[in-house]
Amino acid sequence: MLKFLNQVGEYAKETVQAAKYIGQGLAVTFDHMRRRPVTVQYPYEKLIPSERFRGRIHFEFDKCISCEVCVRVCPINLPVVDWEFNKETKKKQLKHYSIDFGVCIFCGNCVEYCPTNCLSMTEEYELAAYERHELNYDNVALGRLPYKVSDDPMVTPLREFAYLPKGAMDPHEVSSGDRRAGLRPEEIIEK
Ligand code: SF4
Ligand code: SF4
C-alpha cells in the first residue's frame, strides 16, 4: 500500500513538473507574439545601414597627399600607398593606392586620422567574391561611390529596427517620411 502511495506521489510530482515546463515553453511563444518581426527578405528587402556603419572604404585620389598616416595608424599596416617624389614640384606624387578588404577589419582608424579626409566609410557591405584577391581594391575600385539601399529601385529599403518610429512594430508598415525614434547625428550636434 505504501509503495503504491509513493508511486502516486511521484507521478503527481512529475505531472506538476511537466505542466510547469509546458507553461514555460508557452510563455516564450506568447512573448514572441508581441515582438517585432526580425526577418528581412534579402535580397529583395534590405535594411538601411545606420549613419555610423563602417562599410567599404571610399577613397578620393585627388585629395591624397601620400603622407602614409593611414598606413601607420592601421593595426595591420594595410593600405598600400605607392608614390614617387616629383622633383619639379618637390612633392610626393601618388601613383597607386589600394586596400585589401579580405584583410581589413573595418576599424576606421585610417578614415579617422587621414589629414585630408580623402577616406570615408560607406554603407556598402556586399563584398562577397569568389576569389579572395578580388577583394584587393585599387584606387579606381575604392573611388567608386556605393549604391545606396534607399536609391536602389530593385530593393525595398527597410529601416533598422532601432530607428523605427515610437510604437511601430513592423518596418514594412512605416512610410519613408515617418520620423524615426531618437535623434539624427546632426540633431544631436545641434542640441
Ligand atoms: S592618410 Fe590620407 S592623405 Fe595620407 S596617404 Fe593615407 S589616404 Fe592619403
Ligand atoms: S579600416 Fe582599419 S584595418 Fe582597414 S585599412 Fe583602415 S585602419 Fe586598416
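Keep in mind that what you see is a predicted model, and the values were worked out from it rather than measured.

Chemist: What exactly am I supposed to notice about the nonpolar core here?
Modeler: One recurring pattern in soluble globular proteins is that nonpolar side chains are buried together. In this structure, Ile57, Phe59, Ile99, Cys114, Cys118, Leu119 and Leu142 are the most contacted members of the largest nonpolar core, which totals 14 residues. Going through the elements one at a time, strand S2 (57–59) and strand S4 (91–100) are the ones with two or more residues in this core. Excluding residues that lie within four positions of it along the chain, Leu142 makes contacts with Ile57, His58, Phe59, Tyr97, Ile99 and Tyr137.

Chemist: In this structure, what is going on with unusual backbone geometry? I would like to understand it.
Modeler: Among all residues save glycine, negative phi is the norm, and among peptide bonds the norm is trans. In this model, Tyr42 is joined to Pro43 through a cis peptide bond whose omega is 5°. Position of Pro43 among the secondary structure elements: in the loop between helix H1 (2–33) and strand S1 (45–47). Not every positive phi belongs to a glycine, and Glu68 is a case in point at roughly 70°. At Phe106, a position not held by glycine, the phi torsion is positive, near 55°. With respect to the helices and strands, the residue Phe106 is situated in the loop between S4 and helix H3 (109–113).

Chemist: When you look at the UniProt feature "binding site: [4Fe-4S] cluster 1" (unreviewed entry) in the protein in this model, what are you seeing that I'm missing?
Modeler: The sites that carry the UniProt feature "binding site: [4Fe-4S] cluster 1" (unreviewed entry) are, in the present numbering, Cys64, Cys67, Cys70 and Cys114. Sequence-wise these annotated residues cover 51 residues; spatially they are packed, their C-alpha atoms never more than 10.5 Å apart. Mapped onto the elements of the fold, Cys70 is located in helix H2 (residues 69–73). On the basis of neighbour counts, which here come to 25 C-beta atoms within 10 Å, the residue Cys70 falls in the buried class. Beyond its immediate chain neighbours, meaning those up to four positions away, Cys70 contacts Pro79, Cys110, Tyr113, Cys114 and Leu119. One can find Cys114 in the loop between H3 and strand S5 (119–121). Discounting chain neighbours no more than four positions away, the residues touching Cys114 are Val69, Cys70 and Leu119.

Chemist: What is the right way to read the site of ligand 2 from this model?
Modeler: Surveying the vicinity of ligand 2 reveals 13 residues, the closest of which are Cys74, Cys104, Cys107, Asn109 and Cys110. Within the shell around ligand 2, the residues separate by chemical class into 11 nonpolar, two polar and no charged.

Chemist: What is the right way to read the site of ligand 1 from this model?
Modeler: Neighbouring ligand 1 are 13 residues; Cys64, Cys67, Val69, Cys70 and Cys114 lie closest to it. For the shell around ligand 1, the residue count by class is 10 nonpolar, two polar and one charged.

Chemist: It is not clear to me how the sheet that holds S4 should be interpreted in this structure. Could you clarify?
Modeler: By way of backbone hydrogen bonds, the strands of a sheet pair with one another, either parallel or antiparallel. One open sheet accounts for three strands, arranged S3-S4-S6; its pairing is antiparallel. Every interior strand has two partners, whereas the edge strands, strand S3 (80–86) and strand S6 (136–138), have only one. Adjacent strand axes in the sheet meet at a mean angle of 20° when their direction is disregarded. Taken together, the three bridges between S4 and S6 define a ladder with antiparallel strand orientation. Within the sheet, the bridge partner assigned to Ser98 lies in S6 and is Asp138.

Chemist: In this structure, what is going on with the environment of Tyr147? I would like to understand it.
Modeler: Looking at where Tyr147 falls in the secondary structure, it is placed in the loop between helix H4 (139–143) and strand S7 (156–158). Tyr147 sits in the partly exposed class, given 14 other C-beta atoms within 10 Å. Each C-alpha atom, one on Tyr147 and one on Glu123, is 8.6 Å from the other, the two residues being 24 residues apart in sequence.

Chemist: What's the story with the pairing of S3 in this structure? I'm lost.
Modeler: When a strand is regular, its side chains alternate between the sheet's two faces. When you tally the buried positions in S3, you get zero out of seven residues, a small fraction of the element. In this sheet, S4 lies alongside S3 in antiparallel orientation, the contact comprising seven bridges. Bridge pairing in S4 links Trp83 to Leu94.

Chemist: Whenever I open this one, the environment of Cys104 confuses me. Can you help?
Modeler: Structurally, Cys104 can be placed in the loop between S4 and H3. Along the backbone, Cys104 and Trp83 are 21 residues apart, and their C-alpha atoms lie at a distance of 21 Å. If we skip the residues at most four places from it in the chain, Cys104 touches Leu78 and Ile99.

Rules used in this analysis
Residues numbered from 1 in each chain as written. Chains lettered and ligands numbered in written order. Predicted model: local features only at pLDDT ≥ 70, side-chain atom pairs only at ≥ 80, totals over all residues. Core = buried A, V, L, I, M, F, W, Y, C linked by C-beta atoms within 7 Å. Buried ≥ 20, exposed ≤ 12 C-beta atoms within 10 Å, placed from the backbone. Helix = DSSP H or I, 4+ residues; strand = E, 2+ residues; numbered from the N terminus. Contact = placed C-beta atoms within 7 Å. UniProt positions renumbered as here; feature names shortened; annotations may be inferred. Near = placed C-beta within 6 Å. Nonpolar A, V, L, I, M, F, W, Y, C, P; charged D, E, K, R; others polar. Pairing = 2+ DSSP bridges. Axes fitted to C-alpha atoms, helices over the stretch in contact; angles between N-to-C directions.

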